[in-house]
Amino acid sequence: MATKNISILGSTGSIGKQSLDVCRKCGYSVKALTAFSSVKEIENQAREFKVQTVALVDENSAKELKIKLADTDTKVLSGVDGVCECAGTESADTVLNAIVGMAGLKPTLTAIGAKKKIALANKETLVAGGRLVMGEAEKNGVRILPVDSEHSAIFQCLQGKPSNRALKKIILTASGGPFFGKTAQELKSVTVENALKHPNWSMGAKITIDSATMMNKGLELIEAVWLFSVKPEDIEIVVHRESIVHSAVEYDDNSVIAQLGLPDMRIPIQYALTYPERFESPVGELSLSKIGKLSFFEPDYETFKCINICKNAINKGGLCTAAVNSANEQANLMFRQGKIGFLDIAERVQEVLERTPVCDEYTFDDVMEIDKFAREYVMR
Ligand code: NAD
Ligand code: MG
């Protein structure tokens, strides 16, 4: 079903703002918006789109927003409950989750419970609670459409797939981030400023650091396992510096189909909303002759340890990926705060993984418990 009425969670972030741009272009009616604490930004968005409901997680910011929006019909909510109420907004048919981190898990589950179509940018939802999310989606007959560019590419390459057996492997591309080609010795002394300089994409701070450590590709491998029901060993990661080939799939006959385009998130955001249709986009045309050359390399797994940590976590199963995700969220934050070095991120995440018990089944409360454990362990 094509989107008509939408709620955007995390609307003040990089993906949130680009999603609103797509809504402007496609003429979607925006019903609810949420953010952590950005009063001014969300006030402007609420006024422009005349939204029914907005929520800020931070209580004081929500109080301030309520005063600012007093002359409008917009209802202002607060806290995680407020965000979840927005995720379940009755008048919306689609929820685009652009929250950063596993804080997006509960709103995703709420939106699935309310039978909304989910456009998912928040990859941490699947890394922390893949089994819960996919189980609930199946139970409620809900479709999860990827917004992450690689997963959108894979999804696009799978259109017209002849049978369940035909897919041989997924080729997940990675830009390699700002530190491609660097040695571990060189990485010891990199600064936050260096790590925040992504060569191809302009994104929020957390994912930009994840791209520098290549944790982002590990998280995306886990995301792909859940979204496309594949085994981790059927995903090949390839470093592709130009970020033009957004990922590819290989079929049983060794035919490889890839999706290409300029690196601009508005293409995958729009496809998640217009699927199965395609409409004009504000993104420019790709000129292969102007680009000239596309390059591909094997990742340096020894130096960028996070990819294999994620592979081990998904192979161990259960809460291991949730633990790795939460440990990374904490370590990523501490690196940005100047409290730990760049290489400490992988080291601390690995330590948490080693201390996570293996189990098959888990509940939402178990995820929250392992989240607390992982963060505390990283902080010690
Ligand atoms: P961002 O930091 O720019 O924005 C995050 C949004 O989430 C903001 O609106 C913020 O107010 C809100 N938020 C922060 N903490 C919150 C909390 N605890 N509870 C509720 N809301 C909270 O992040 P981003 O770069 O837009 O990324 C959002 C998600 O999309 C991430 O999961 C990221 O991995 C994924 N993603 C981003 C890009 C990109 O180009 N930026 C590409 C692919 C996937
Ligand atoms: Mg991505």
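Since we're looking at a predicted model, the values are computed, not measured.

1. Some details on the overall build of the protein
The helix and strand inventory of the protein stands at 17 helices and 11 strands. Against the compact-globule benchmark of 21 Å for 380 residues, the protein has a radius of gyration of 20 Å, which places it among compact chains. Taken along its principal axes, the extent of the C-alpha atoms in the protein is 55 × 50 × 40 Å. Of the roughly 16,600 Å² of accessible surface on the protein, 50% is carried by carbon and sulfur atoms. Here the protein carries 45 positive and 49 negative side-chain charges, and the mean point of each set is 2 Å from the other.

2. Some details on the layout of surface pockets
Its volume calculated, the second largest pocket comes out at about 590 Å³. Every residue lining the second largest pocket is counted, 24 residues in all, and those nearest its centre are Leu158, Trp226, Leu227, Phe228 and Ser229. Mapped by element, the contributors of at least two residues to the lining of the second largest pocket are helix 6 (124–140), strand 7 (144–146), strand 8 (167–174) and helix 11 (215–228). Looking at which element gives the most residues to the lining of the second largest pocket, the answer is strand 8, with four residues. Tallied by class, residues from the lining of the second largest pocket come to 14 nonpolar, three polar and seven charged.

3. So, the pairing of strand 8
Among the eight residues in strand 8, six count as buried, and that is most of the element. When strand 8 meets strand 10 (residues 245–251), the two strands line up antiparallel, connected through four bridges. For lysine 169, the partnering residue across the bridge sits in strand 10 and is glutamate 250. Pairing of strand 8 with strand 9 (residues 235–239), which is carried by five bridges, proceeds in the parallel orientation. Each residue of the ladder has a partner; that of threonine 173, found in strand 9, is valine 238.

4. A few points about the site of ligand 1
Near ligand 1 you find 22 residues, and of these Thr12, Ile15, Phe36, Glu124 and Gly204 are the closest. A distance of 2.9 Å is found between an oxygen atom of ligand 1 and a backbone nitrogen or oxygen belonging to serine 14. Calculation on ligand 1 without its partners gives an accessible area of 830 Å², and the protein chains cover 86% of this total. Residue classes in the shell around ligand 1 are distributed as 12 nonpolar, seven polar and three charged.

5. Side note on the pairing of strand 2 (residues 29–35)
Of all seven residues in strand 2, six are buried; the element is thus mostly enclosed. With five bridges connecting them, strand 1 (residues 5–9) and strand 2 associate as parallel partners. In the strand pairing of strand 2, serine 7 is matched with alanine 32. Read as a crossover between parallel neighbours, the route from strand 1 over helix 1 (residues 14–26) to strand 2 is right-handed. Since strand 2 and strand 3 (residues 53–56) lie parallel, the crossover through helix 2 (residues 39–49) that links them has a hand, and here it is right-handed.

6. Description of the sheet that holds strand 11 (residues 256–260)
The strand order 9-8-10-11 describes an open sheet built from four strands, whose pairing is mixed. Taken across any chain shown, the strands that pair with only one partner, and hence form the sheet edges, are strand 9 and strand 11. The mean inter-strand angle of the sheet, taken between neighbouring strand axes irrespective of direction, is 20°. Running at roughly 150° to strand 8, helix 11 makes contact with strand 8 and strand 9 of the sheet.

7. Remarks on helix 17 (residues 364–379)
Taking 1.5 Å as the rise per residue, helix 17 with 16 residues should run 22 Å; its terminal C-alpha atoms sit 23 Å apart, in good agreement. Regarding helix 17, the residues found buried are Val367, Ile370, Asp371, Ala374, Tyr377 and Val378. Buried residues of helix 17 fall within an arc of 140° about the axis and therefore sit on the same side. Summarising the geometry of helix 17, the exposed residues directed more than 90 degrees from the buried face are Asp365, Glu369 and Lys372. Buried residues along helix 17 sit against helix 5 (105–113), helix 6, helix 15 (320–336) and helix 16 (342–354).

8. Regarding the coordination of the magnesium ion (ligand 2)
In an ideal octahedron of six donors the angles at the metal are 90 or 180 degrees, and in an ideal tetrahedron of four donors they are 109.5 degrees. For the magnesium ion (ligand 2), the full set of protein donor atoms is Asp148 (OD), Glu150 (OE) and Glu220 (OE), and the range of their distances to it is 2.1 to 2.2 Å. A relative accessible area of 7% places aspartate 148 in the buried class.

9. Notes on the packing of helix 10 (residues 205–213) against helix 11
It is the contact of helix 10 with helix 11, at a shortest axis distance of 5 Å, that shows an interaxial angle of 95°. One element, helix 10, and the other, helix 11, form an angle in the roughly perpendicular class. For the pair formed by helix 10 and helix 11, the contact residues are Lys206, Ile207, Asp210, Ser211 and Thr213 on the first element and Met215, Asn216 and Leu219 on the second. Tallied by class, the residues present in the contact of helix 10 with helix 11 amount to three nonpolar, three polar and two charged.

10. Comments concerning the nonpolar core
If you look at the biggest cluster of nonpolar residues, it comprises 117 residues, and the most contacted ones within it are Val54, Leu96, Phe228 and Val367. Non-local contacts of phenylalanine 228, meaning those with residues more than four positions away in its chain, are made with His151, Ile154, Phe155, Leu158 and Ile170.

11. Regarding the packing of helix 14 (residues 306–316) against helix 15
Helix packing for two helices is described by the angle between their axes and how far apart those axes are. Their axes nearest at 7 Å, the elements helix 14 and helix 15 cross at an angle of 150°. With respect to their mutual orientation, helix 14 and helix 15 come out roughly antiparallel. Listed contacts from helix 15 to Ile309, Cys310, Ala313, Ile314 and Lys316 of helix 14 are Cys320, Thr321 and Val324. Split into classes, the residues belonging to the contact of helix 14 with helix 15 amount to six nonpolar, one polar and one charged.

Rules of the game
Residues numbered from 1 in each chain as written. Chains lettered and ligands numbered in written order. Predicted model: local features only at pLDDT ≥ 70, side-chain atom pairs only at ≥ 80, totals over all residues. Heavy atoms only, no water. Helix = DSSP H or I, 4+ residues; strand = E, 2+ residues; numbered from the N terminus. Rg over C-alpha atoms; globule rule 2.2 N^0.38 Å. Areas by Shrake-Rupley, 256 points an atom, 1.4 Å probe, with all protein chains shown as cover. Lys, Arg positive; Asp, Glu negative; His and termini not counted. Charge placed at Lys NZ, Arg CZ, Asp CG, Glu CD. 1 Å grid on protein atoms, 1.4 Å probe; cavity = no way out; pocket = protein on both sides within 12 Å on 5 of 7 lines; lining within 4 Å. Points joined across faces, edges and corners; volume = space filled by probe spheres on them. Nonpolar A, V, L, I, M, F, W, Y, C, P; charged D, E, K, R; others polar. Buried < 20%, exposed > 50% of the residue type's maximum accessible area, 1.4 Å probe, protein only. Pairing = 2+ DSSP bridges. Near = heavy atom within 4 Å. Polar contact = N/O pair within 3.5 Å; in protein donor to acceptor, adjacent residues only side chain to side chain. Right-handed = clockwise from strand over helix to strand, strands pointing away. Axes fitted to C-alpha atoms, helices over the stretch in contact; angles between N-to-C directions. Contact = heavy atoms within 4.5 Å. Expected span 1.5 Å × (residues − 1). Arc of directions from axis to C-beta. Donors = N, O, S within 2.8 Å, 3.2 Å for Na, K, Ca; no water. Parallel < 35°, antiparallel > 145°, perpendicular 65-115°, else oblique. Core = buried A, V, L, I, M, F, W, Y, C linked by side-chain atoms within 4.5 Å.

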